[in-house]
Amino acid sequence: MKRPFLTLQQAEDIAARYPTPFHIYDERGIRDNARRLYRAFAWNPGFREYFAVKATPTPGILKILKEEGCGVDCSSLTELMMSDRCGFRGEEIMFSSNDTPGEEFALAARLGAIINLDDISHIDTLLSAVGSVPRKICCRFNPGGTFQLGESKEGFQVMDSPGDAKYGMTRSQIAQAYRRLKELGAEEFGIHAFLASNTLSNEYYPALARILFQLAVELKEETGAHITFINLSGGVGVPYRPEQPANDIERIGEGVRRAYEELLVPAGMGDVALCTELGRFMLAPYGHLITRVLHEKHTYKDYIGVDACAANLMRPAMYGAYHHITVLGKEDAPCDHKYDVTGALCENNDKFAVDRMLPEIAVGDLLAIHDTGAHGHAMGYQYNGRLRSAELLLREDGSVRLLRRAETPEDYFATVVWE
Ligand SMILES: *Cc1c(COP(=O)(O)O)cnc(C)c1O
């Protein structure tokens, strides 16, 4: 059963200061989870998590993760600028982008970030933008085909199609890229790959690690490159549905350690540092979208209209994603009413839940929409003139801090050229 990290009373007190809807993050949950990740990989001396900024590009959150020892993984110019302003320096920044404009490589290089090249042609983009290649560099690998794990009666636990994904270099390209980068003066090399998204399996990282460790051994032999780090990227998921089992990060770390000892250590590569670029796993469960019920409508179905909409949380509309909903104060009431929970956009996919069994809801109730800490506020937009909400932090002492104010109509009009 999923329990929200705040009570009705807390939510009402907060709503009296910061009107709904708002996103709120749980500082204790974020810190405890980051510490569990670091403990799971403590066996690897160089280990670092580079938080995927795109999941929650909010400076107040990035600073908490920085205090927990994390770096940042950026994919755009503004994410680089934000990370710089948050105090991330040099190799605390990973730059993993694709279809990359030269100016973004130039800023990444100026900040001393580790650049992760998505395509072999980006060596030339980098050369024209920066004039040289950095001493330490990473290349993104795409093995093609399909990637699957753990077959059961319901199908594969993990199934994705790297062969259809726009990211990364082929096996022969990555060897060629290493040779060329070496000629151009690069001295330290990394490998990166992202094969499956939101995985719920303790076997995903170990399986990916085996592929990358094997590749590292081969590339070292073929190219003579000095491989000093391997980036397992993102993709470790969270259970959005209450019946789904959570990943066990300790077992995941242990599975990766076994692969490391079987493949890298015997090849004389027992000093390779590992890194991760988790986004969802670091933040999703530690955010709620809090929204108030404005309206009930009973036509062919029973609708509950709330003051948030897909502009505040796009995942249900975009992917049909499930987000659990708790009616605050009715945590233990029977779920004996079937509702569609909707926002106000003039789009019929603006529904946070369809045919969801919930306790009886009244106008004025507060709902907590779960697991919105990653890819929640971040994917916000302004369709229908709806404005992005505030982001708040529930601190460990129970106090609340504003991390980002809600947008106002002035923000919405600020970019208009009226004449
Ligand atoms: C999105 C992304 C991540 C984070 O993915 P999660 O599924 O949120 O863990 C990491 N690395 C890269 C390159 C990404 O694009």
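Rules and cut-offs
Residues numbered from 1 in each chain as written. Predicted model: local features only at pLDDT ≥ 70, side-chain atom pairs only at ≥ 80, totals over all residues. Heavy atoms only, no water. Core = buried A, V, L, I, M, F, W, Y, C linked by side-chain atoms within 4.5 Å. Buried < 20%, exposed > 50% of the residue type's maximum accessible area, 1.4 Å probe, protein only. Helix = DSSP H or I, 4+ residues; strand = E, 2+ residues; numbered from the N terminus. Domains from an automatic or database assignment. Contact = heavy atoms within 4.5 Å. 1 Å grid on protein atoms, 1.4 Å probe; cavity = no way out; pocket = protein on both sides within 12 Å on 5 of 7 lines; lining within 4 Å. Points joined across faces, edges and corners; volume = space filled by probe spheres on them. Nonpolar A, V, L, I, M, F, W, Y, C, P; charged D, E, K, R; others polar. Pairing = 2+ DSSP bridges. Buried area = accessible area lost by both parts, 1.4 Å probe. Salt bridge = Lys/Arg side-chain N within 4 Å of Asp/Glu carboxyl O. Polar contact = N/O pair within 3.5 Å; in protein donor to acceptor, adjacent residues only side chain to side chain. Axes fitted to C-alpha atoms, helices over the stretch in contact; angles between N-to-C directions. Parallel < 35°, antiparallel > 145°, perpendicular 65-115°, else oblique.

Draft legend 1. Spatial organisation of the nonpolar core. In terms of nonpolar packing, the biggest core is built from 88 residues, with Ile191, Tyr205, Ile230 and Met282 touching the most fellow members. For this core, the element with the most residues is helix 8 (residues 204-223), which contributes 11 residues. Summarising the domain contributions, this core has at least three residues from each of domain 1 (8-22 + 285-413) and domain 2 (27-282). Once you skip the residues sitting within four places of it in the chain, Met282 turns out to touch Asn33, Ala34, Leu37, Glu49, Phe51, Leu65 and Cys70.

Draft legend 2. Up close: the layout of surface pockets. Space inside the largest pocket adds up to approximately 1,200 Å³. Around the largest pocket, the lining is made up of 48 residues, and of these Lys54, Phe194, Ser197, Arg280 and His375 lie nearest the centre. Elements with a contribution of two residues or more to the lining of the largest pocket: strand 8 (155-160), helix 10 (280-283) and helix 11 (315-319). Split by residue class, the lining of the largest pocket holds 19 nonpolar, 18 polar and 11 charged. Taken as a whole, the second largest pocket holds about 310 Å³ of empty space. Lining the second largest pocket are 24 residues, with Thr20, Pro21, Asp307, Leu387 and Ser389 sitting closest to its centre. Here the lining of the second largest pocket is composed, by residue class, of 13 nonpolar, 6 polar and 5 charged.

Draft legend 3. Molecular detail of empty space enclosed by the protein. The tally for this structure, following the rule as stated, stands at 1 cavity of 30 Å³ or more. In this structure, the largest cavity spans a volume of roughly 50 Å³. What lines the largest cavity is simply Arg140, Phe141, Asn142, Pro143, Pro162, Ala165, Tyr167, Phe194 and Leu195.

Draft legend 4. Just the pairing of strand 11 (residues 273-276), in detail. Here strand 11 shows two buried faces, one formed by Ala273 and Cys275 and the other by Leu274 and Thr276. Two strands pair when backbone bridges link them, and strand 2 (residues 48-52) and strand 11 are joined in this way by 2 bridges, in the parallel orientation. For Glu49, the partnering residue across the bridge sits in strand 11 and is Thr276. Both strand 10 (residues 227-231) and strand 11 contribute to a ladder of 3 bridges, which runs parallel. What sits directly across from Ile230, in strand 11, is Leu274.

Draft legend 5. Seen up close, the domain arrangement of the protein chain. Segmentation of the protein chain into domains returns domain 1 (8-22 + 285-413) and domain 2 (27-282). Centre-to-centre separation of domain 1 and domain 2, based on C-alpha positions: 32 Å. Listed by partner, the interface residues are 20 residues for domain 1 and 25 residues for domain 2. Counting the surface lost from both domain 1 and domain 2, the interface buries some 1,900 Å², and carbon and sulfur atoms represent 56% of this. For Arg28, the salt bridge goes to Glu396, with nearest N and O atoms at 3.9 Å. Linking domain 1 with domain 2 are 8 residue pairs in polar contact (both at pLDDT 80 or more). At the level of secondary structure, the elements contributing two or more residues to the side of domain 1 that touches domain 2 comprise strand 18 (390-394) and strand 19 (400-404). Class assignment for the residues of the side of domain 1 that touches domain 2 results in 8 nonpolar, 5 polar and 7 charged.

Draft legend 6. Here's a closer look at the sheet that holds strand 3 (residues 71-74). The 8 strands lie next to each other as 2-3-4-5-6-9-10-11, forming a closed barrel whose pairing is parallel. Between one strand and the next, the sheet's axes are offset by a mean angle of 25 degrees, whatever the strand orientation. Sheet topology places strand 3 next to strand 4 (residues 93-96); 3 bridges connect them, and they run parallel. Its bridge partner being in strand 4, Cys74 is matched across the sheet by Phe95.

Draft legend 7. Broad picture of the packing of helix 6 (residues 122-130) against helix 7 (residues 171-183). Between helix 6 and helix 7, the shortest axis-to-axis distance is 11 Å and the interhelical angle comes to 25 degrees. The pairing of helix 6 with helix 7 is recorded here as roughly parallel in orientation. Listed contacts from helix 7 to Ile123, Asp124 and Leu127 of helix 6 are Ala177, Arg180 and Leu181. Within the contact of helix 6 with helix 7, the residues separate by chemical class into 4 nonpolar, no polar and 2 charged.

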